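Observations on the model geometry
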Amino acid sequence: MLVSAKDMLEKARDGKYAVGQFNINNLEWTKAVLQTAEELKSPVILGVSEGAGKYMTGYKTVSAMVKAMIEELNITVPVALHLDHGSYDGSYKCIEAGFSSIMFDGSHYPIAENVEKTTELVKVCAEKGISIEAEVGSIGGEEDGVVGMGECADPDECKQVADLGVTMLAAGIGNIHGKYPENWAGLSFETLAAIKEKVGDMPLVLHGGTGIPEDQIKKAISLGVAKINVNTECQLTFAEATRKYIEAGKDLEGKGFDPRKLLAPGTEAIKATVKEKMELFGSVGKA
Ligand code: G3H
Ligand code: ZN
C-alpha cells in the first residue's frame, strides 16, 4: 500500500524503532526493497533522489512503476514513495506525479527562505495528505553533486522549522553522506538531545545511514530518530556482487550476458543489506 510516511513514523517514534528509507535507482532496486519489506513485515520508505528520478526518465515513471509493482507483487506492508533531498521545483513535480511523501531540502537557503518555502509546501502537502520532511543544518558529504560540509543544526532553528507543521525533521548532527572518514568524530548526541528537547514529539530523521556503528544507531533511535536513510551501502553491495559475477565469467560464452542474470546477484545483495538494516533499526514485524 502506498501511504504517507506520517503514521509509520509516529508508530516508530512511539515504539522506539526506526523505519528505513532505502534509495531506489531502477526496477531491480525497487523490487529488492519491496520484497524484503514484505518478507519481514516491515514498513518501508522508498527514497528517490532527483538524479535517480531523472535516470528513471522522470517522477511519473517512478510513481507508476512503484504503484504497479506494489499491486503485482502483492505488497501489503505500508510503503511511502518519498522524494529525497528535493528542490523546491522537484517537490512540486513529485506531488503532481503521485508521490506519497517529499523531502524539501532547503538547508542551503538562509533560514528565513527555508522557512518560507517549507511553509508553502507544508500547506500543499497537507491538502493532499502527503508527508513532508524538512532539513536544517546541512548533512556532510556529497549527494547528486551537491556537497554539504556537515554541521550540527541549531536547535532553535530546528524548532522554528518543526513548528511549521512538517511531518519529520532531518537535522545535521555530524552525519555525513557516503563512507565515513577514518577520523570521523561520530554523531553528536549532545546536539540530538538538545534538538529533541526543543522539537518534542517530532519524528527525527538520520541521513547518511551507511557505516554508522550499530551502537550509535541504537542510541540515536533511543533519542527520537524514527527514520534512517541508507543509500551508499546498497550501492556498494550491489557493485561488489556484480563485479564478482562478471569476474566469474559465467556468461562470457554463447549469447553473452543475460541482463536478468547479470543483475540478479546485485539484487540479492541489496535484499541482504536491507534485511540487515531493518533488523538493526527494529522495524521487522512492525507493519
Ligand atoms: O538521503 C539519503 C541518505 O542520507 C543516504 O546516505 O548514502 O550515506 O547511506 P548514505
Ligand atoms: Zn541524505
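Residues numbered from 1 in each chain as written. Chains lettered and ligands numbered in written order. Predicted model: local features only at pLDDT ≥ 70, side-chain atom pairs only at ≥ 80, totals over all residues. Heavy atoms only, no water.

Some remarks on the overall build of the protein
Across its full length, the protein holds 11 helices and 10 strands. What you see for the protein is a C-alpha radius of gyration of 18 Å, in line with the 19 Å of a compact globule of 287 residues. Based on the C-alpha atoms only, the size of the protein along its principal axes is roughly 65 × 45 × 35 Å. Within the protein, the proportion of its 287 residues that are buried is 54%. (Helix = DSSP H or I, 4+ residues; strand = E, 2+ residues; numbered from the N terminus. Rg over C-alpha atoms; globule rule 2.2 N^0.38 Å. Buried < 20%, exposed > 50% of the residue type's maximum accessible area, 1.4 Å probe, protein only.)

Quick notes on the state of the cysteines
What the rule picks out here adds up to 0 disulfides. With no disulfide of its own, Cys-125 lies closest to Cys-94 among cysteine sulfurs, the gap being 10 Å. Unpaired in this structure, Cys-234 has its nearest cysteine sulfur neighbour in Cys-94, at a distance of 20 Å. Given a relative accessible area of 1%, Cys-234 falls into the buried group. (Disulfide = S-S within 2.5 Å.)

Quick look at the sheet that holds strand β2 (residues 44-49)
One closed barrel accounts for 8 strands, arranged β1-β2-β3-β4-β5-β8-β9-β10; its pairing is parallel. Taken pair by pair, the neighbouring strands of this sheet meet at an average axis angle of 25 degrees, ignoring direction. Looking at chain direction, strand β4 (residues 101-104) and strand β5 (residues 131-136) are connected through 4 bridges and run parallel. Along β5, the bridge assignment pairs Ser-101 with Ser-131. (Pairing = 2+ DSSP bridges. Axes fitted to C-alpha atoms, helices over the stretch in contact; angles between N-to-C directions.)

A closer look at the nonpolar core
Residues Val-48, Phe-99, Leu-169 and Leu-206 are the most contacted members of the largest nonpolar core, which totals 73 residues. In contact with Val-48, not counting residues within four places along its chain, are Ile-24, Gly-53, Met-56, Tyr-59, Val-62, Leu-81, His-82, Leu-83, Asp-84 and Phe-99. Core analysis: the next-biggest nonpolar cluster, separate from the first, contains 13 residues, Leu-9, Ala-12, Ile-45 and Val-205 among them. (Core = buried A, V, L, I, M, F, W, Y, C linked by side-chain atoms within 4.5 Å. Contact = heavy atoms within 4.5 Å.)

Observations concerning the packing of aromatic side chains
This structure, assessed with the given rule, holds 6 aromatic pairs. Here Tyr-88 and Phe-104 contribute two aromatic rings whose centre-to-centre distance is 6.3 Å and whose plane-to-plane angle is 70 degrees, an arrangement assigned as edge-to-face. Placement of the pair is Tyr-88 in helix α5 (residues 88-97) and Phe-104 in strand β4, with a sequence separation of 16 residues. Grouped by ring-pair contacts, the aromatic residues Tyr-88, Tyr-92, Phe-104 and Tyr-109 constitute a single cluster. Across the ring face of Tyr-88, the terminal group of Lys-117 is positioned such that the distance to the ring centre comes to 5.4 Å. One residue, Lys-117, lies across the ring of Tyr-109, its end atom 4.7 Å from the ring centre. (Phe/Tyr/Trp six-rings, centres within 6.5 Å; stacked < 30°, edge-to-face > 60°. Lys NZ or Arg CZ within 6 Å of the ring centre and 35° of its normal.)

Topic: the pattern of salt bridges
Within this structure, the stated rule accounts for 13 salt bridges. Residue Lys-41 is joined to Glu-38 by a salt bridge in which the shortest nitrogen-to-oxygen separation is 2.8 Å. Since its relative accessible area comes to 40%, Lys-41 is described here as partly exposed. Its salt-bridge partner being Glu-233, residue Lys-277 comes within 3.1 Å of it at the nearest N-O pair. Highlighted residues: Lys-277 in helix α11 (residues 259-281) and Glu-233 in helix α10 (residues 232-248), separated in sequence by 44 residues. You can call Lys-277 buried: its relative accessible area is 6%. Judged by relative accessible area, Glu-233 falls into the buried class, the value being 16%. Within the structure, one salt-bridge network assembled from shared partners comprises Glu-240, Arg-243 and Glu-247. (Salt bridge = Lys/Arg side-chain N within 4 Å of Asp/Glu carboxyl O.)

As for the site of ligand 1
The immediate surroundings of ligand 1 are formed by 13 residues, with Asp-84, Gly-178, Gly-208, Thr-210 and Thr-232 found nearest. The backbone of Gly-208 places a nitrogen or oxygen atom 2.8 Å from an oxygen atom of ligand 1. In the environment of ligand 1, an oxygen atom lies 2.5 Å from a nitrogen or oxygen atom belonging to the side chain of Thr-210. If ligand 1 stood free it would expose 310 Å²; the protein chains cover 99% of that surface. Mapped onto the shell around ligand 1, the elements with two or more residues apiece are β3 (79-86) and β10 (225-230). Of the residues assigned to the shell around ligand 1, the class counts are 1 nonpolar, 10 polar and 2 charged. (Near = heavy atom within 4 Å. Polar contact = N/O pair within 3.5 Å; in protein donor to acceptor, adjacent residues only side chain to side chain. Areas by Shrake-Rupley, 256 points an atom, 1.4 Å probe, with all protein chains shown as cover. Nonpolar A, V, L, I, M, F, W, Y, C, P; charged D, E, K, R; others polar.)

Details of the pairing of β3
Within a regular strand, the side chains alternate between the two sheet faces. Extensive coverage of β3 is indicated by the burial of 8 of its 8 residues. Two strands pair when backbone bridges link them, and β2 and β3 are joined in this way by 6 bridges, in the parallel orientation. Along β3, the bridge assignment pairs Ser-49 with Asp-84. Judged from the 3 bridges that link them, β3 and β4 form a sheet pairing that is parallel.

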